[in-house]
Amino acid sequence: MPYLAKILLYPVKSLDGVEVKNARVLASAALQHDREFAIFDEQGRFVNGKRHAKIHLLRAQFALLNRTISLQIPGSDSQKIFHLDEERQALEATLSDFFGFAVTFRQNSLMGFPDDTDSLGPTVISTATLAEVTSWFPGLSIDEMRRRMRINIEIDGVPAFWEDQLFSEQDDLVSFRVGDVDFFGVKPCQRCIVPTRDSYLGEAYPNFQKIFATQRQATLPNWVALSPFNHFYRLSVNTHLPPSSAGKILKIGDEVNILTQ
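Residues numbered from 1 in each chain as written. Predicted model: local features only at pLDDT ≥ 70, side-chain atom pairs only at ≥ 80, totals over all residues. Heavy atoms only, no water.

1. Thoughts on the overall build of the protein
When you go through the protein residue by residue, the secondary structure sums to four helices and 15 strands. In terms of overall size, the protein behaves like a compact globule, its C-alpha atoms giving a radius of gyration of 18 Å where 261 residues would be expected to give roughly 18 Å. Referenced to the eigenvectors of the C-alpha coordinate spread, the extents of the protein come out at roughly 50 × 45 × 30 Å. Counting over 261 residues, the protein shows a buried share of 52%. A separation of at least 24 residues holds for 71% of the contacts in the protein among residues at least 6 apart in sequence. (Helix = DSSP H or I, 4+ residues; strand = E, 2+ residues; numbered from the N terminus. Rg over C-alpha atoms; globule rule 2.2 N^0.38 Å. Buried < 20%, exposed > 50% of the residue type's maximum accessible area, 1.4 Å probe, protein only. Contact = heavy atoms within 4.5 Å.)

2. Focus on the packing of helix α2 (residues 127-135) against helix α3 (residues 142-149)
Between α2 and α3, the shortest axis-to-axis distance is 9 Å and the interhelical angle comes to 105 degrees. One element, α2, and the other, α3, form an angle in the roughly perpendicular class. On the side of α2, the interface is formed by Thr127, Leu130, Ala131, Val133 and Thr134, while α3 contributes Ile142, Met145, Arg146 and Met149. The residue inventory of the contact of α2 with α3, partitioned by class, reads six nonpolar, two polar and one charged. (Axes fitted to C-alpha atoms, helices over the stretch in contact; angles between N-to-C directions. Parallel < 35°, antiparallel > 145°, perpendicular 65-115°, else oblique. Nonpolar A, V, L, I, M, F, W, Y, C, P; charged D, E, K, R; others polar.)

3. Some thoughts on a nonpolar patch on the surface
The grouping of Leu57, Tyr200 and Leu201 at the surface amounts to a nonpolar patch, some 260 Å² of accessible area in total. Its location among the elements puts leucine 201 in the loop between β12 (181-190) and α4 (208-219). With a relative accessible area of 48%, leucine 201 lands in the partly exposed category. (Patch = residues over 30% accessible without salt bridge, like charges linked within 9 Å, V, L, I, M, F, W, Y side chains within 5 Å. Areas by Shrake-Rupley, 256 points an atom, 1.4 Å probe, with all protein chains shown as cover. Salt bridge = Lys/Arg side-chain N within 4 Å of Asp/Glu carboxyl O.)

4. Topic: the side chain of arginine 197
Topologically, arginine 197 is positioned in the loop between β12 and α4. In this structure, arginine 197 is buried with no salt-bridge partner, the nearest side chain bearing the opposite charge being aspartate 198 at 10 Å. Only 2.6 Å separates the side chain of arginine 197 from the backbone oxygen of glycine 49, close enough to count as a polar contact. A polar side-chain atom of arginine 197 sits 3.0 Å from a polar atom in the side chain of histidine 56. Beyond its immediate stretch of four places on either side in the chain, arginine 197 contacts Gly49, Lys50, Ala53, His56, Glu144, Arg148, Gly202, Glu203 and Ala204. (Lys, Arg positive; Asp, Glu negative; His and termini not counted. Polar contact = N/O pair within 3.5 Å; in protein donor to acceptor, adjacent residues only side chain to side chain.)

5. Quick word on the packing of aromatic side chains
In the structure shown here, the tally under the stated rule is 16 aromatic pairs. Where phenylalanine 137 meets phenylalanine 208, the ring centres are 4.2 Å apart and the plane angle is 10 degrees; that geometry is what we call stacked. A residue pair is termed long-range when its members are at least 10 positions apart, and phenylalanine 137 in the loop between α2 and α3 and phenylalanine 208 in helix α4 qualify at 71 residues. Like phenylalanine 137, the residue phenylalanine 208 is buried in the burial classification. Taken together, the aromatic side chains of Trp136, Phe137, Phe161, Tyr205, Phe208, Phe212 and Tyr233 make up a single cluster linked through ring pairs. Its end group placed over the ring of phenylalanine 40, arginine 106 keeps NZ or CZ at 4.2 Å from the ring centre. (Phe/Tyr/Trp six-rings, centres within 6.5 Å; stacked < 30°, edge-to-face > 60°. Lys NZ or Arg CZ within 6 Å of the ring centre and 35° of its normal.)

6. Some remarks on the sheet that holds strand β5 (residues 59-63)
Taken in spatial order, the three strands make up an open sheet running β5-β6-β7, and their pairing is antiparallel. Taken across any chain shown, the strands that pair with only one partner, and hence form the sheet edges, are β5 and β7 (80-83). This sheet shows a mean twist of 20 degrees between the axes of neighbouring strands, independent of strand direction. Together, β6 (68-72) and β7 form the strand contacts of helix α1 (residues 88-99), whose direction differs from that of β7 by roughly 140 degrees. (Pairing = 2+ DSSP bridges.)

7. Considerations on the layout of surface pockets
Estimates place the volume of the second largest pocket at around 280 Å³. For the second largest pocket, the full set of lining residues is Leu9, Val20, Asn22, Ala23, Arg24, Gln32, His33, Ala63, Leu64, Leu65 and Ile249. Sorting elements by how many residues they give to the lining of the second largest pocket places strand β3 (residues 22-24) first, with three residues. Across the lining of the second largest pocket, the residue classes tally to seven nonpolar, three polar and one charged. (1 Å grid on protein atoms, 1.4 Å probe; cavity = no way out; pocket = protein on both sides within 12 Å on 5 of 7 lines; lining within 4 Å. Points joined across faces, edges and corners; volume = space filled by probe spheres on them.)

Quick look at the structure:
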């Protein structure tokens, strides 16, 4: 039986994630605390892994109940701890000093700062898929691949690429349920430059995207809907959730059932 094996939230866009045992669905369909905060430059653009590889060097830990972030700055022997609501100015000063230009730290507690603003639900993948993709890249571990892909929920008890049945032809949604939370699978997630880099050092893995696309196409199950694949640098499933799922809780161990295909 497919079941929910991991839930990962990324409280600050592009910084380290935190593994949790349960997560609340917001009215927007996003998970509470996921990408709740983001860093912006003076032009109002995201300071993220796509545009600033240096961000990979920052280490962050979160105490979600206490609303704090602990930052380990490269070259510093100690962590700096900030309250996410009460010490924004000091946090912005520390981050500005690290990046070498002025940044602001913003919050959106309603929907976060997702990449796909049309599909606000959590991204979904199977643990077996992560293991298979990791095997394409000698020297990488599944934990490193997990850090690179930054996916919200993992399903276990299923074979690799099981989640590819959670989307269909373009504009057709697939209904599935995790515990008592209803989902719509929308499309395979388009990946960016971030997975090509070491999640700790920011160094590029040679030919990562080319290797990935070649292997992804070669291993694509023959039953997969092809219309969403304008290219094969796609992995995991973007989702949306109906209003009826708002306020419900995803929990580790929840059973997963596909309702329509």
